[in-house]
Every structure is written in C-alpha cells, then in structure tokens.
Amino acid sequence: MIYLFSVITVLYVIIISILYVAYSKVKSFKVKATNPSSRFSIIIPFRNESKNIETLLNSIFTLKYPKTHYEIILVDDDSEDSSVSVINSYLKKHNNNDLNISIIKNDRKSISPKKDAIATAISMAKFEWIVTTDADCIISNLWLQSFNQFIIEKKPKFIVAPVTYNISNSIIDNFQLQDFLSLQTATVGGFGIGIPFLCNGANLCYSKSVFKELNGFKGNDTIASGDDLFLMEKITEHYLSDILYLKTPDVVVYTNPKSSIKSLLNQRIRWASKTSAYKNVFSIILAFIVLAMNASIVAGFVLVLIGSLIWQYLFVIFLIKFFVDFLFILKSSNFFKQNSSLIYYPLNSISYPLFILIVAFYSMFFKYKWKGRVFNK
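Per chain, residues are indexed from 1 in the order of the written sequence. pLDDT decides what is reported in this predicted model: residues at 70 or higher carry local features, side-chain atom pairs at 80 or more are listed and counted, and totals for whole chains, interfaces and linings draw on all residues regardless. In computing side-chain values, all of the structure's heavy atoms are included and hydrogens and water are not.

A. Summary view of the overall build of the protein chain. Only DSSP runs of H or I covering at least 4 residues are called helices, and only runs of E covering at least 2 are called strands; the numbering of each starts at the N terminus. Helix and strand counts for the protein chain stand at twelve helices and twelve strands. Computation of the radius of gyration draws on C-alpha atoms, with the globule rule given as 2.2 Å multiplied by the number of residues to the power 0.38. Scaling as 2.2 N^0.38, a compact globule of 377 residues should have a C-alpha radius of gyration of about 21 Å, and the protein chain matches this with 21 Å. Each residue is placed in one exposure class: buried if its accessible area under a 1.4 Å probe, protein chains only, is under 20% of its type's maximum, exposed if it is over 50%, and partly exposed if it falls in between. Here the protein chain, with 377 residues, has 54% of them falling under the buried criterion. Here a residue-residue contact requires only that any non-hydrogen atoms of the pair lie within 4.5 Å. Here the analysis covers contacts within the protein chain between residues at least 6 apart in sequence; of these, 84% occur between residues at least 24 apart. A total of about 17,000 Å² of accessible surface is found on the protein chain, and carbon and sulfur atoms cover 62% of it. We count Lys and Arg on the positive side and Asp and Glu on the negative side, and we leave His and both chain ends out. By convention, charge coordinates are those of NZ in Lys, CZ in Arg, CG in Asp, or CD in Glu. Computing the positive centroid from 39 side-chain charges and the negative centroid from 26, the protein chain places the two 3 Å apart. All accessible areas in this document rest on Shrake-Rupley with a 1.4 Å probe, and a residue is counted as covered only by the protein chains that are shown.

Structure follows, in structure tokens:
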C-alpha cells in the first residue's frame, strides 16, 4: 500500500508541476484602444434568475464598446419565476432603446437545455462573433474591447477567457473559490502545454462560422451539460492552433458561488458527470490522478485509524500535496488578486479530499439536479 501511495504521489506532483510551469508560458495580453471592428452577439441563457439578472444587465450597460457593434440575446429556458418581468421592467426603466436587446424562448430539441438555448440564439444571431456568459455573472466594461483587440491581433476561432467567483468571507464561499482557482490554473496550464482541455461557458468567444461548419453541439447533445467543453473539444480536432486563451484581467467575468453545500454538491456532480464522455486523453489522465491522490489521503487516514499505516507516512504525503496545491492555487489567486482567501487554505486542504470522493461517487451512480430539473449522468 505504501508503494502504491508513493507512486500516486509522484505522478500527482509531476502532472501538477507540468501545468504549474506551463501556466507562465501563456503570456499576459495587454488591452489598449483598438479600432472596434469586430461585431458580437452576446448570448445569455437564463432560467429562474430573477435575483441575478439585473446585476448582469447593470454590468452590460457599462460596456465601453459601440452599441452598433453588439447585440444581446437573452434566452428564456422556461423560467418559472419573474425573470422575464424583471428584464422587461429594467429595460423600460433605463429606456435604452438604442441598445439591441432581445428576449427569446428556448427551442428545446435535446436533453440539454443550455445547448439548445445557445443553438437557438446562434440561429438568430446577426453577428459573426458569439460571446457567451451566464445570467448570474458580472462582466468587465472592457470585455468586448478585449475580445476585439485579441481577434484582430491573434486571428483565433475560439477564445477561452478567465472566470472567478465574487465571494463573501464565508467558509463555503472560500472553499469554492480555491477549488475554482485550481481549475483556472489548470485551464491556463493546458494552453501552456498546447493541450487545451478546460474552459468555462461563462466567458467564451467563438466564430459563428466555425460553430455552423462543425454542426454545433451535434454529437454531444445527449449529455445535459458540457456546452463549453464539448464544443471546444470538437473545434480542437479541426483547429487546434486557433483555440487561444485570453489572459488579461480586463476580460475577467465574475460569477456567484453556490449558497449551500447541497447546491454546491449538485453543481460539482454535474461537472463531474461529463468526465466519462471526454475525448481529451490528457484531461482523463489528470482527472484520474487527481482522484487517486485525494483517495489516497482519505484511505491513508482510515488505515492509520485501524493501525495498518504509520501516521508519519500519511503526514508526509499530506504535506507534499498541501504545498503543491497551495502553489498551484497561488498562480490564479495572484492573477485575480484574491490572495486574502488563502487564509482558509489549511482548512480547505483537509476537507477537500473527502469532498472530491463524495462528488466522484455520486457522479457515477446518481442523478443530479440543475435549475430545478433532474438529469441522469
């Protein structure tokens, strides 16, 4: 058992170190005043977001980009609350008739409501560049300006951009933030080694022509989630060199953490449930090693309790993981200027292995709930 734990720990350190080093290979992008030549269709699917949608709209109205160069398509996915009324009241109140905003109904064609919502909006989109975000997000006023300059200079077909949480000082918020920061470091690291394997639909920009050329979400619309990852995987197969990461604070999107442990588990189970459908070999290997490392910590603790493993050995393994993970998270916490959250890291490092095992177990055998709907794995 000691030999197995040692092998897993070495593999974990190696793969995390690779991503850690590769993070710095993705150079920061400096945003400056550029001719606004790109035109964007901003797509925002929503369901039961009456408490969040107004905050998003407030941030949209601060965009420093010509209003003639973008449209906003809000896709109502059968909301059961007052989301639509809130949007209409907000628009009427602000009297922004010069802003091109439309509210459309989702045209359901598959078991994946969000993919259907995005596809419905793209079929109506006027402009070439599709930008997606979520209804519980806040965007930067340089959001479109950043994408525009990046498109002009880099000529991409698919752009992945940074996302982080807008948190309070609660323990659960900071737990989610540090988990999310590790995912952000891994995302950038993947681009650094030339194997993009993570992205977030809260901050994506891609060519409508490529979406249509590759038949959009066809082929993965039997999986409820994954509108972002599976589309990126499909485009990667054809245009790997044209998928780029936009590394600048000016394009960051802030989203909300879950308010309860139950909703957090549901979200992470939903994320984990699509792992078995990944085609990216590196992401599968990474997921397996990360799961094995966390399982080793939990199993080691049990073995110590029953006297089958000396506690000093488990302590050394835990310390190795503790410092490797800390440095990994620190990369993104520096980028997002969220280092104050690190005070919670010691507590989170203890609880995280068990959390990962619970999520992995439930994602393999149970259904999950998303926006008031129940989905199979």
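B. Just a nonpolar patch on the surface, in detail. Each patch is built from salt-bridge-free residues with over 30% relative accessible area, joining like charges within 9 Å and nonpolar side chains (Val, Leu, Ile, Met, Phe, Trp, Tyr) within 5 Å. Each salt bridge in this description consists of a side-chain nitrogen of Lys or Arg and a carboxyl oxygen of Asp or Glu lying within 4 Å of one another. Where nonpolar side chains cluster on the molecular surface, the patch consists of Leu354, Ile358, Phe361, Tyr362, Met364, Phe365 and Phe366 and spans about 700 Å² of accessible area. Assignment of secondary structure puts Phe361 in helix 12 (residues 345-365).

C. Inspection of the nonpolar core at higher detail. The criterion is simple. A nonpolar core is a set of buried Ala, Val, Leu, Ile, Met, Phe, Trp, Tyr and Cys residues joined through side-chain atoms within 4.5 Å. If you look at the biggest cluster of nonpolar residues, it comprises 102 residues, and the most contacted ones within it are Phe40, Trp143 and Phe147. The element that contributes the greatest number of residues to this core is helix 11 (residues 311-335), accounting for eight residues. With residues up to four places along the chain from it excluded, the contact list for Trp143 reads Ile42, Leu63, Val131, Thr132, Thr133, Asn203, Asp250, Val251 and Val253. Counting nine residues, the second-largest nonpolar core is a separate cluster that includes Ile269, Tyr352, Val359 and Tyr368.

D. A look at unusual backbone geometry. The backbone of Asp78 shows a phi angle near 55°, a positive value even though the residue is not glycine. Topologically, Asp78 is positioned in the loop between strand 2 (70-76) and helix 3 (83-94). Given a relative accessible area of 36%, Asp78 falls into the partly exposed group. At Asn215, a position not held by glycine, the phi torsion is positive, near 60°. Considering the arrangement of structural elements, one finds Asn215 in the loop between helix 7 (208-213) and helix 8 (229-239).

E. A look at helix 11. Between its terminal C-alpha atoms helix 11 stretches 36 Å, which fits the 36 Å expected from 25 residues at 1.5 Å a residue. Downstream of helix 11 by a residue or two, Lys337 has a phi angle that is positive, lying close to 55°. Working rule for helices: expected span equals 1.5 Å times residues minus one.

F. View of the sheet that holds strand 1 (residues 40-46). The strand order 3-2-1-4-8-6-9 describes an open sheet built from seven strands, whose pairing is mixed. Two strands close off the open sheet at either side, each with one partner strand: strand 3 (101-105) and strand 9 (243-245). Sheet twist, expressed as the average angle between the axes of neighbouring strands with direction ignored, equals 20°. What makes two strands pair is DSSP finding at least two bridges between them. In this description, a line fitted to the C-alpha atoms serves as the axis of each element, helices being fitted only across the stretch in contact, and the angle between N-to-C directions of two axes falls anywhere from 0 to 180 degrees.

G. Fine view of helix 3. With twelve residues, helix 3 should reach 16 Å at 1.5 Å per residue; the first-to-last C-alpha distance of 17 Å fits that figure. All buried positions along helix 3 are accounted for by Ser83, Val86, Ile87 and Tyr90. Seen end-on, helix 3 carries its buried residues on one side only, within an arc spanning 100°. Think of the arc as the fan of directions from the helix axis to the C-beta atoms.

H. Representation of the environment of Phe127. Position of Phe127 among the secondary structure elements: in the loop between helix 4 (113-124) and strand 4 (129-132). Expressed as a C-alpha distance, the spacing of Phe127 and Phe40, which sit 87 residues apart in the sequence, is 5.5 Å. Phe127 has contacts with Arg39, Phe40, Ser41, Thr68, His69, Tyr70, Glu71 and Lys208, leaving out every residue within four places of it along the chain.

I. Quick look at the sheet that holds strand 10 (residues 253-255). One open sheet accounts for three strands, arranged 5-10-7; its pairing is mixed. If you trace the sheet from one side to the other, it starts and ends with strand 5 (137-138) and strand 7 (163-165), each paired once. Here strand 5 runs beside strand 10; their pairing, made up of two bridges, is antiparallel. Paired with Cys137 across the strands is Thr255, a residue of strand 10.

J. The pairing of strand 8 (residues 204-207), seen in detail. Alternating residues of strand 8 divide into Leu204 and Tyr206 and Cys205 and Ser207, and every residue in both groups is buried. Bridging between strand 4 and strand 8 involves four bridges; their strand directions are antiparallel. Of the residues in strand 8, the one forming a bridge with Trp129 is Ser207. When strand 6 (residues 158-160) meets strand 8, the two strands line up antiparallel, connected through three bridges. Along strand 8, the bridge assignment pairs Val160 with Leu204.

K. The side chain of Ser38, seen in detail. Mapped onto the elements, Ser38 comes out in the loop between helix 1 (2-23) and strand 1. At 2.9 Å, the side chain of Ser38 and the side chain of Asn148 are in polar contact. Ignoring anything within four residues of it in the chain, the contact list for Ser38 reads Tyr65, His69, Trp129, Asn148 and Ile151. Here a polar contact is recorded for every N or O atom pair within 3.5 Å, except that within protein the pair must consist of a potential hydrogen donor and a potential acceptor, and residues adjacent in sequence are included only if both atoms are side-chain atoms.

L. Looking closely at the pattern of salt bridges. Under the counting rule described, the total for this entry stands at eleven salt bridges. Measuring nitrogen to oxygen at the nearest pair gives 3.7 Å for the salt bridge that ties Lys105 to Asp78. With Lys105 in strand 3 and Asp78 in the loop between strand 2 and helix 3, this pair connects stretches of sequence that are 27 residues apart. For Lys321, the salt bridge is made with Asp325, and the minimal N-O distance between the two is 2.7 Å. With a gap of four residues between them, Lys321 and Asp325 both fall in helix 11, about one helical turn apart. Residue classification places Lys321 among the buried residues on the basis of a relative accessible area of 7%. Using a relative accessible area of 13% as the deciding quantity, one classes Asp325 as buried. A network of salt bridges, in which partner residues are shared, links Asp76, Asp78 and Lys105.

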